[in-house]
Amino acid sequence: MEPRAAIETSAALIAEAERIPPDEPLRRRGPALRAADEAARALGALSDDERGDPDVEGVLHLRRANALRLAGHEHDAEARASFEAALALAPDRAGFWYDYALLHKWRGRWQEAFDANLRARTAGGDTKPVLWNLAIAATALGRGGVAAECWRALGMPARVNDAGMPVVEGLEPAQVRVPSRGTGDEHGGPVPDRGGTFELVWVAPLSPVHGVVESPTFGEAPTDYGDVILWDGAPASVAEIDGKVVPRFPLLEILRRGDERRMRFVGLQQASAEVDRLEQALPAGCLVFVQSERVEHACVRCASGEVLTRHEHTAPEAHRIVYGKIVAPADVPLARVRDVIAEQMRARGTFQLAVPALYELLGDAKRAGQEREAWRGIERVAIRKGLA
């Protein structure tokens, strides 16, 4: 294929590959590798006049580099080599440096992403994409002054807080999607045990690209309630919530771990208010989050296990299996959390809760094992009732 035709063809294939959000796993060879192959073939067929031409050889190296960037982490070394070859031919092209910065961003190489974005800014000025990505890299590195300067250049009233991080006031809550998989110890839980998925967390933004997680994750996920995280500026998807369009951003980095204790639980209850009462009874600052709940209406005595004993059936009542997480601040004694849960279960015989992580954190291995068995027991009851 003639080089300029290969440039156009590979560009179209790259545009197709970019329709897949960069945080999603690649399930097939896809257009990205086809674009890389197209560019490689054209590079191998260049004439002597075309070699060394930044508009031909340079752009073909860039096309191959971007295609390999989109093809996955396993092609990282090849992508870097192709970017370096392109930049050797066109060291002052802002777009080349900007694309190289994207590779580093999605590989978590923040200093290199920062440096490449600076080169793009020097070569091409204060364009919106460069400022956004420079601010992202600066935030990841804790260079709040640079990030705040970028946000101000984009018209946002940014400042730097006492921790040296950028702050932009008045931003709406945001959603970030987090890769997750099941924990392997539940039958009907909210996150599948096999295969990967995404969980959505709400965050309170401190800037347009970083903030504090305000809702927990329920599977094996890299982040949880209270963490300070960094996300990309381009949404992976959008949704309408309460009449508002809410973008969902890909997670890039965990900047600081929260010190809260997060403890998954499974419960069996007759009324949803029982979990609400638990939160009210726990020490101040503790939160109870419910991820999923399934309801069945049954006779109370049947629900308690008397299905094989002849009895007069009572009016059907609701029974619920509920999965969730208890979050306790670092200064709350976990022994007090343990005691409150026990008190609530004694006070209402229809309420059962298993929280293995609580006893693991307390260092009580025997009780943690009993709680795991109780978890399985609650699920067996739920399966029998059709709730899981």
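Placed above this text is the structure.
For clarity, every value in this text was computed on a predicted model and none was experimentally measured.

At a closest axis distance of 8 Å, the pairing of helix H3 (residues 54-70) and helix H4 (residues 76-89) adopts a crossing angle of 160°. It follows that H3 is roughly antiparallel to H4 by the angle criterion. Considering the relative orientation of H3 and H4, their crossing is left-handed. Of the residues in H4, those touching H3 at Pro54, Glu57, Gly58, His61, Leu62, Arg64, Ala65, Asn66, Leu68 and Arg69 are Glu78, Ala79, Ser82, Phe83, Ala85, Ala86 and Leu89.

Note: α-helices contain 3.6 residues per turn, so residues at a spacing of three or four share the same orientation. For helix H2 (residues 30-44), which comprises 15 residues, the first-to-last C-alpha distance of 22 Å matches the rise-based estimate of 21 Å (1.5 Å per residue) to within 8%. Turning to H2, its buried residues are Gly30, Pro31, Ala32, Leu33, Ala35, Ala36, Glu38, Ala39, Ala42 and Leu43.

What follows deals with the pattern of salt bridges. Under the definition given, this model contains 22 salt bridges. Linking arginine 64 and glutamate 78 is a salt bridge whose minimum nitrogen-to-oxygen distance equals 3.2 Å. With a gap of 14 residues between them, arginine 64 in helix H3 and glutamate 78 in helix H4 connect regions that are remote in the sequence. In this structure, the salt-bridge partner of arginine 109 is glutamate 112, at a minimum N-O distance of 3.6 Å. Residues participating in the shared-partner salt-bridge network are Asp76, Arg80, Arg107, Arg109 and Glu112.

All right, on to the packing of aromatic side chains then. Within the structure shown, the criterion is met by five aromatic pairs. Ring geometry for tryptophan 132 and tryptophan 151: centres 4.8 Å apart, planes at 80°, overall edge-to-face. Here the residue tryptophan 132 occupies a position in helix H7 (residues 128-140), and tryptophan 151 occupies one in helix H8 (residues 144-153), the gap between them amounting to 19 residues. Of the two residues examined, tryptophan 132 and tryptophan 151, each falls in the buried class. Clustering of aromatic rings is evident, with ring pairs tying together Phe83, Trp97 and Tyr100. Just above the ring of phenylalanine 198 sits the side chain of arginine 177; from NZ or CZ to the centre is 4.1 Å.

On to the side chain of glutamate 379, then. Relative to the helices and strands, glutamate 379 is located in helix H13 (residues 365-384). An unpaired buried charge is present at glutamate 379: no salt bridge exists, and arginine 264, the closest side chain of opposite charge, is 7.3 Å distant.

On to the nonpolar core, then. Judged by nonpolar contacts, the single largest core of 37 residues is most densely connected at Leu60, Phe83, Phe96, Trp97 and Tyr100. Elements with a contribution of two residues or more to this core: helix H1 (3-17), H2, H3, H4, helix H5 (94-107) and helix H6 (110-124). A total of eight residues in this core trace back to one element, the largest contributor, which is H3. Look past the residues within four positions of phenylalanine 83 in its chain and what remains in contact with it is Leu62, Ala65, Asn66, Arg69, Phe96, Asp99, Tyr100 and Leu103.

Before going further, it helps to examine the environment of tryptophan 97. Relative to the assigned elements, tryptophan 97 resides in helix H5. Here the alpha-carbon distance between tryptophan 97 and alanine 116, two residues 19 residues apart in the chain, equals 5.4 Å. In this view, tryptophan 97 contacts Leu87, Pro91, Ala116, Arg119 and Ala120; residues no more than four positions away in its chain are not counted. In this structure the side chain of tryptophan 97 is engaged in a polar contact, spanning 2.8 Å, whose partner is the backbone oxygen of proline 91.

Turning our eyes to something else, we now look at H7. Helix length check: H7 (13 residues) gives 19 Å between terminal C-alpha atoms against 18 Å at 1.5 Å per residue, within 8%. Most of H7 sits inside the fold, with ten of its 13 residues counted as buried. When we look at burial in H7, the residues that qualify are Val130, Leu131, Trp132, Asn133, Leu134, Ala135, Ile136, Ala137, Ala138 and Thr139.

Time to look at the packing of H2 against H3. Look at H2 against H3: their axes get within 8 Å of each other, and the N-to-C directions meet at 155°. Between H2 and H3, the crossing angle belongs to the class labelled roughly antiparallel. Seen along the crossing, H2 lies across H3 with a hand that is left-handed. Residues Ala32, Leu33, Ala35, Ala36, Ala39, Ala40, Ala42 and Leu43 of H2 form the contact with H3, whose participating residues are Glu57, Leu60, His61, Arg63, Arg64, Ala67, Leu68 and Leu70. Of the residues that constitute the contact of H2 with H3, the class distribution is twelve nonpolar, one polar and three charged.

Neither face of strand S6 (residues 228-231) is open: one carries Val228 and Leu230, the other Ile229 and Trp231, and all of them are buried. With three bridges joining them, strand S5 (residues 210-213) and S6 adopt antiparallel strand pairing. Opposite valine 212, over in S6, you have valine 228 as the bridge partner. Where S6 lies against strand S8 (residues 244-256), four bridges are found, and the strand directions are antiparallel. Its bridge partner lying in S8, isoleucine 229 is registered against isoleucine 254.

Reading the values: rules and limits
- Residues numbered from 1 in each chain as written.
- Predicted model: local features only at pLDDT ≥ 70, side-chain atom pairs only at ≥ 80, totals over all residues.
- Heavy atoms only, no water.
- Axes fitted to C-alpha atoms, helices over the stretch in contact; angles between N-to-C directions.
- Helix = DSSP H or I, 4+ residues; strand = E, 2+ residues; numbered from the N terminus.
- Parallel < 35°, antiparallel > 145°, perpendicular 65-115°, else oblique.
- Left-handed = near helix turned anticlockwise from the far one by under 90°.
- Contact = heavy atoms within 4.5 Å.
- Expected span 1.5 Å × (residues − 1).
- Buried < 20%, exposed > 50% of the residue type's maximum accessible area, 1.4 Å probe, protein only.
- Salt bridge = Lys/Arg side-chain N within 4 Å of Asp/Glu carboxyl O.
- Phe/Tyr/Trp six-rings, centres within 6.5 Å; stacked < 30°, edge-to-face > 60°.
- Lys NZ or Arg CZ within 6 Å of the ring centre and 35° of its normal.
- Lys, Arg positive; Asp, Glu negative; His and termini not counted.
- Core = buried A, V, L, I, M, F, W, Y, C linked by side-chain atoms within 4.5 Å.
- Polar contact = N/O pair within 3.5 Å; in protein donor to acceptor, adjacent residues only side chain to side chain.
- Nonpolar A, V, L, I, M, F, W, Y, C, P; charged D, E, K, R; others polar.
- Pairing = 2+ DSSP bridges.

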